[in-house]
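Observations on the model geometry
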Amino acid sequence: MLPIAVFVSGSGSNLQSIIDKMEQGALHVDIRLVLSNKPDAYGLERARKHGLPTVILPHGDYPDRNAYDEALLREVDQAQADVIALAGFMRILGPTFVSSRRNHIVNIHPAILPSFKGIHGQQDAADYGVTLSGATVHLVDEKMDHGPIIIQAAVPAYPDDDGDSLGKRILALEHRIYPQALQWIATDRLKIEGRKTRIEQSEIPQAAMTTPCLVNPPLEEGF
Ligand code: GRF
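All of these numbers come straight from a predicted model, not from anything done at the bench. (Residues numbered from 1 in each chain as written. Predicted model: local features only at pLDDT ≥ 70, side-chain atom pairs only at ≥ 80, totals over all residues. Heavy atoms only, no water.)

What about the environment of Leu27?
- Its place among the elements puts Leu27 in the loop between α1 (13-24) and β2 (29-36).
- Taking the C-alpha atoms as reference points, Leu27 and Ala186, 159 residues apart in sequence, are found 7.9 Å from one another.
- Setting aside its immediate chain neighbours within four residues, Leu27 contacts Ile18, Lys21, Met22, Pro179, Leu182 and Gln183. (Helix = DSSP H or I, 4+ residues; strand = E, 2+ residues; numbered from the N terminus. Contact = heavy atoms within 4.5 Å.)

Below, the structure is given as structure tokens:
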């Protein structure tokens, strides 16, 4: 079992999807710590319901980012977590943290990176008028929403979508791809080659008429 820490700030539905897959036996991780910078994050409640250890570390209690990063690192070390999964953690990790855990920090972002970085990914995509959006699980580096991509999933976006309606569609996929990405890490199948990652023992589909694709609006008869 891969020992992990999950960092949350809010609802924690991604944390829940990790817990569920873990309890089903599909995801081979051991959640050693659920940490929140917000005392009222519902994610903490979810963790407690499943008997997982929780820590609250309000960022306002620390003089600067560096001091906060060091406090976070102490918690991760104490929990002996090998990988940190950011699941709606609304703080940017500084270089102190990132460099000491390089390639061991994973994040999920509600857009197809590198489009629509930042905290309003769903709203920005809806406002822009894209017809496809989605979610990205990636490794964390020093730049926001930037590190090597592990998996992406696309959903259709419709003209009447707003951030909420598109966000719900995206979130449903987040709950599938995040546990999958963590399982690849847990079983040591994720190989990192610069900006690219490779999943070992994974079939690349033959590029033919059967190439899986999502087209929105759908192609009509004859195209
Ligand atoms: C998700 O949309 C995730 O992609 C983003 O923050 C949201 C967290 O949702 N980083 P939840 O707390 O997991 O429900």
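Section: the sheet that holds strand β7 (residues 149-156)
- The mixed open sheet is built from seven strands, whose spatial order is β3-β2-β1-β4-β5-β6-β7. The strands lining the two open edges of the sheet, one partner per strand, are β3 (54-56) and β7. Between one strand and the next, the sheet's axes are offset by a mean angle of 20°, whatever the strand orientation.
- One ladder, built from three bridges, connects strand β4 (residues 83-86) with strand β5 (residues 105-109); its direction is parallel. (Pairing = 2+ DSSP bridges. Axes fitted to C-alpha atoms, helices over the stretch in contact; angles between N-to-C directions.)

Notes on the site of the ligand
- Around the ligand sit Ser11, Gly12, Ser13, Asn14, Gly88, Ile108, His109, Pro110, Gln122, Leu171 and Glu174, and that is every residue in its neighbourhood.
- With respect to the ligand, the backbone of Asn14 contributes an N or O atom lying 2.8 Å from an oxygen atom.
- Alone, the ligand offers 370 Å² of accessible surface; in the complex the protein occludes 83% of this.
- Mapped onto the shell around the ligand, the elements with two or more residues apiece are α1, β5 and α6 (163-186).
- Taken together, the residues of the shell around the ligand sort by class into three nonpolar, seven polar and one charged. (Near = heavy atom within 4 Å. Polar contact = N/O pair within 3.5 Å; in protein donor to acceptor, adjacent residues only side chain to side chain. Areas by Shrake-Rupley, 256 points an atom, 1.4 Å probe, with all protein chains shown as cover. Nonpolar A, V, L, I, M, F, W, Y, C, P; charged D, E, K, R; others polar.)

Notes on unusual backbone geometry
- Put simply, Leu113 and Pro114 share a cis peptide bond, and its omega is 10°.
- Topologically, Pro114 is positioned in the loop between β5 and α5 (121-128).
- Even without being a glycine, Asp145 presents a positive backbone phi close to 55°.
- Tracing the backbone through its elements, the reader meets Asp145 in the loop between β6 (132-139) and β7.
- When its relative accessible area of 11% is taken as the criterion, Asp145 is described as buried. (Buried < 20%, exposed > 50% of the residue type's maximum accessible area, 1.4 Å probe, protein only.)

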